[in-house]
Amino acid sequence: MTDTTLDARGLNCPLPVLKANRALRAMPEGARLRVLATDRASIADFQVFCRETGHALVAFTDQNGIYAFTIKRRAESPNTPTTDRS
């Protein structure tokens, strides 16, 4: 499966995470999103985002102030059955 790349360079917090979240929602389970960012705060932001959403942060690199995050989209959990209240 090919990674999709999201270029968020030049954007400040919280835009890189918000754009990544939107992209991930449109992707199938298990797909990978590679995000490029220049905002230093994105390092902590993506760690927290992945921990809270269940997506996996599978790789992170820093090359001369360009941060690259590879995120694997989580599998959707099955819907919990609703109780019939009739």
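Shown above is the structure to which this text applies.
Residues numbered from 1 in each chain as written. Predicted model: local features only at pLDDT ≥ 70, side-chain atom pairs only at ≥ 80, totals over all residues. Heavy atoms only, no water.

Novice: It is not clear to me how the packing of aromatic side chains should be interpreted in this structure. Could you clarify?
Specialist: The description of an aromatic ring pair uses the distance of the two centres, along with the angle that the planes make with each other. This model, assessed by the stated rule, comprises four aromatic pairs. When the centroid spacing of 5.1 Å and the interplanar angle of 35 degrees are considered together, the rings of phenylalanine 60 and phenylalanine 69 count as tilted. Since its relative accessible area comes to 37%, phenylalanine 60 is described here as partly exposed. Using a relative accessible area of 1% as the deciding quantity, one classes phenylalanine 69 as buried. Following the ring pairs from residue to residue traces out a cluster consisting of Phe46, Phe49, Phe60, Tyr67 and Phe69. (Phe/Tyr/Trp six-rings, centres within 6.5 Å; stacked < 30°, edge-to-face > 60°. Buried < 20%, exposed > 50% of the residue type's maximum accessible area, 1.4 Å probe, protein only.)

Novice: Any chance you could explain the pattern of salt bridges here in plain terms?
Specialist: As a working rule, side chains carrying opposite charge can pair if their charged atoms are close by. Summed over all chains, the structure comprises three salt bridges. Ionic pairing is found between arginine 9 and aspartate 7, a salt bridge with its closest N-O pair at 2.7 Å. With a relative accessible area of 41%, arginine 9 lands in the partly exposed category. Note that glutamate 76 and arginine 74 form a salt bridge whose closest N and O atoms lie 3.7 Å from each other. Each of Arg73, Arg74 and Glu76 takes part in salt bridges that share partners, so that together they form one network. (Salt bridge = Lys/Arg side-chain N within 4 Å of Asp/Glu carboxyl O.)

Novice: Just to check I follow, could you spell out the sheet that holds strand E4 (residues 66-72) for this structure?
Specialist: Within a sheet, adjacent strands bond to each other through the backbone by hydrogen bonds, running parallel or antiparallel. If you trace the four strands from one edge of the open sheet to the other, you get E1-E2-E4-E3, paired in mixed fashion. Sheet topology places strand E1 (4-8) and strand E3 (56-63) at the edges, where each strand pairs with a single neighbour. Going across the sheet, the axis of each strand differs from the next one's by a mean of 15 degrees, ignoring polarity. Pairing of E1 with strand E2 (residues 32-37) involves five bridges; the strand directions are parallel. Bridged to leucine 6 within E2 is valine 35. Running at roughly 160 degrees to E2, helix H1 (residues 15-25) makes contact with E1, E2 and E4 of the sheet. With respect to the sheet, helix H2 (residues 42-53) is in contact with E2, E3 and E4, its orientation differing from that of E4 by roughly 5 degrees. (Pairing = 2+ DSSP bridges. Helix = DSSP H or I, 4+ residues; strand = E, 2+ residues; numbered from the N terminus. Axes fitted to C-alpha atoms, helices over the stretch in contact; angles between N-to-C directions. Contact = heavy atoms within 4.5 Å.)

Novice: Just to check I follow, could you spell out the environment of phenylalanine 46 for this structure?
Specialist: Tracing the backbone through its elements, the reader meets phenylalanine 46 in helix H2. Between the C-alpha atom of phenylalanine 46 and that of proline 16, which follows or precedes it by 30 residues, the distance is 8.7 Å.

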